[in-house]
Structures are given as structure tokens and as C-alpha cells.
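Analysis of the macromolecular model
Listed below, chain by chain, are the residues.
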Amino acid sequence: MATSYMDFTLPTTQFTYDLSNNPLFKKDENNYINSLSINQLNTLGNVSLLDIFLSTGNVVEPHTHQNATELVYCISGSAVVSLINPFTNELLHFPITPGQVANVPQGWWHYEMATVDHTHLLAIFDAPVPEAIFGSDILRLTPANLLAHTYCLDEHKVQEALAPIQKTVIIGPPADCPTSTAPVSSGAPNVNHQPYVMPNAQPNVQPNMQPNTQPNMQPYVNRLPYWGTWVDPRIIHEPGCPYYRELPVNTNNQG
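**Notes on the nonpolar core**
I33, L50, I52, L54, V81, I96 and L121 are the most contacted members of the largest nonpolar core, which totals 24 residues. If we ignore the near neighbours within four places in the chain, the residues touching I33 are P23, L24, F25, L50, D51, I52, V60, I170 and I171. Residues L19, L36, L44 and L122 belong to the second largest nonpolar core, which totals seven residues.

**Considerations on the sheet that holds strand β8 (residues 101-104)**
As summarised here, the arrangement of the six strands in space is β1-β2-β3-β10-β5-β8, forming an open sheet in which the pairing is antiparallel. What marks the edges here is a single partner per strand, and that holds for β1 (23-28) and β8. Adjacent strand axes in the sheet meet at a mean angle of 15° when their direction is disregarded. As paired strands, strand β2 (residues 31-36) and strand β3 (residues 48-54) are joined by five bridges and run antiparallel to one another. Along β3, the bridge assignment pairs S35 with L50.

**A word on the side chain of N34**
By the element assignment, N34 lies in strand β2. Look at N34 and you get buried, because its relative accessible area is 8%. Those residues in contact with N34, other than ones at most four positions away along the chain, are L19, S20, N22, P23, L24, L49, L50 and D51.

**Focus: the packing of helix α2 (residues 144-151) against helix α3 (residues 155-162)**
Where α2 meets α3, the closest approach of the two axes is 9 Å, and the angle between their N-to-C directions is 130°. By the angle between their axes, α2 is oblique relative to α3. The crossing of α2 and α3 is right-handed. On α3, the residues that touch A144, N145, L147 and A148 of α2 are E155, V158, Q159 and L162. Among the residues forming the contact of α2 with α3, the class breakdown is five nonpolar, two polar and one charged.

**Description of the pattern of salt bridges**
Under the counting rule described, the total for this entry stands at two salt bridges. With a shortest N-O distance of 2.9 Å, E29 and K26 are connected by a salt bridge. By relative accessible area, which is 59% here, E29 ends up exposed. With a closest N to O distance of 2.8 Å, D137 and R140 form a salt bridge. Highlighted residues: D137 and R140, both in helix α1 (residues 135-141), separated by three residues, approximately one helical turn.

**Concerning the packing of aromatic side chains**
All chains considered together, the criterion is met by two aromatic pairs. Geometrically, the ring pair formed by Y32 and F53 is stacked, given 4.7 Å between the ring centres and 20° between the ring planes. With Y32 in strand β2 and F53 in strand β3, this pair connects stretches of sequence that are 21 residues apart. For Y32, a relative accessible area of 23% corresponds to the partly exposed category.

Here is what the cut-offs are and how they apply
- Residues numbered from 1 in each chain as written.
- Predicted model: local features only at pLDDT ≥ 70, side-chain atom pairs only at ≥ 80, totals over all residues.
- Heavy atoms only, no water.
- Core = buried A, V, L, I, M, F, W, Y, C linked by side-chain atoms within 4.5 Å.
- Buried < 20%, exposed > 50% of the residue type's maximum accessible area, 1.4 Å probe, protein only.
- Contact = heavy atoms within 4.5 Å.
- Pairing = 2+ DSSP bridges.
- Helix = DSSP H or I, 4+ residues; strand = E, 2+ residues; numbered from the N terminus.
- Axes fitted to C-alpha atoms, helices over the stretch in contact; angles between N-to-C directions.
- Parallel < 35°, antiparallel > 145°, perpendicular 65-115°, else oblique.
- Left-handed = near helix turned anticlockwise from the far one by under 90°.
- Nonpolar A, V, L, I, M, F, W, Y, C, P; charged D, E, K, R; others polar.
- Salt bridge = Lys/Arg side-chain N within 4 Å of Asp/Glu carboxyl O.
- Phe/Tyr/Trp six-rings, centres within 6.5 Å; stacked < 30°, edge-to-face > 60°.

As C-alpha cells, then:
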């Protein structure tokens, strides 16, 4: 939806824009990202995008978008979109090729890796200006002694490992990375690998099961251990929930 306060009669009204005029990040000639938001095109509504170009083995670093869902569309080449499902604590990988998409819900931790050269992706967001928290910033800004203390690590090894991260990476590995190695022949991760599902298919759904659930698991109930004391309002009145209570029956008004 377009902004309600927009006066489309003004000479400042913008209908077109060249994304090459707004680079977000450039690693080299083959790996860079251009962006478009309402700051560049004032007639945009609740939408924005990133134009992503990657060569084999390059990664849009792990990050999260706290204000938007991201739909990744493959224009050319191929890539693997990886994400952590916070409801199942699973790392999932979704390979995409031209014409295919992978969707990352708002706030989910994810990253993208190109598996061939000349990969071109379009990331579309349902926000006028997408926000992001990058893994490199979390690693370089969190005190090493806190990481060591929290996760029972050797502080000196943590400092040594994280010392090269001096700025936001965005596309990794950095151009000056001394330990960068060539990716494996497939170029794609294989942990929890899930192949592309043909259109109109129902992935991860078994007979007599609700979508997005695992066998022998009640919907939402097993999310509680992963979310601490927070309780999804959808399960408060479901039998089987540890917070379930039978509602009292009012018999005063019964005839």
C-alpha cells in the first residue's frame, strides 16, 4: 500500500530508480549488493528489495531482519538459502535455481550461499526500509570475555579467532581473508539438506498431520522449552499444554 500522505501531483514524485546508484555493499566486481527502499523511491509502499550478485562460495553472511519477511528469488545461477527454524531448532537448507524462491519469515536467522558463478538473487521485503542485524557485528561487538564465560570457552582463543572481524562483513569471506579456501565441488551445504519441492507439493506434511509439525508432536506445545516462560496465546486453552486450565462452568444462569 502506498503512503497515504503522498501527493502524487508534486514534481518530486518518483516512479523509477536505477539501483546501481545505491550500492549497499561491494566486495569486488562479482560480489555486491544494491538496494532500493522508500528512501530512494518515494512512491513505494510497504516493500523494498536488495539486488544481490554473487560468485561461487560467496555468502551473504548470517543475519536477521527484525522488521521484515524476506522472499529470495533466483534470477540466474543457483544458491542455497539456509535458515534456523526457531520453533524446531533445526538448520534447514533450500537450494534455488532460476524461477524458484525461498521465504525467510521475519526475525529468523538465515544466510545465502552462491553455488555457481554469476548468481543473481532478488531479495524482496515487506517493509519500506529493511533492517538487519549481522552476525559479524554480534561477534565483534560482544565482549570476548563474556562469550568465553557464557559458553565455557578459552577467552584467549575466542579473542584470537574473532580478532580479524573488525567491521560488518555482509558478503563473506572478506576479500583479504588469508585462510579462505575453495568451496567443495557441490558448493552447497549438506547438513539437513532439503531438496526443492515441485510446485503444488506439500513439503514436510505426512498423512493425518498438521503442516509444520513433526511426528508425535503436539502443535506448539513443544515450543515452550525453546521460548522460556513465554507462552503462545494459541496454546493457553489447548489440552496438553502445561498451562492449560479447564474453564469454570457457570451454572447460575441455566434454566
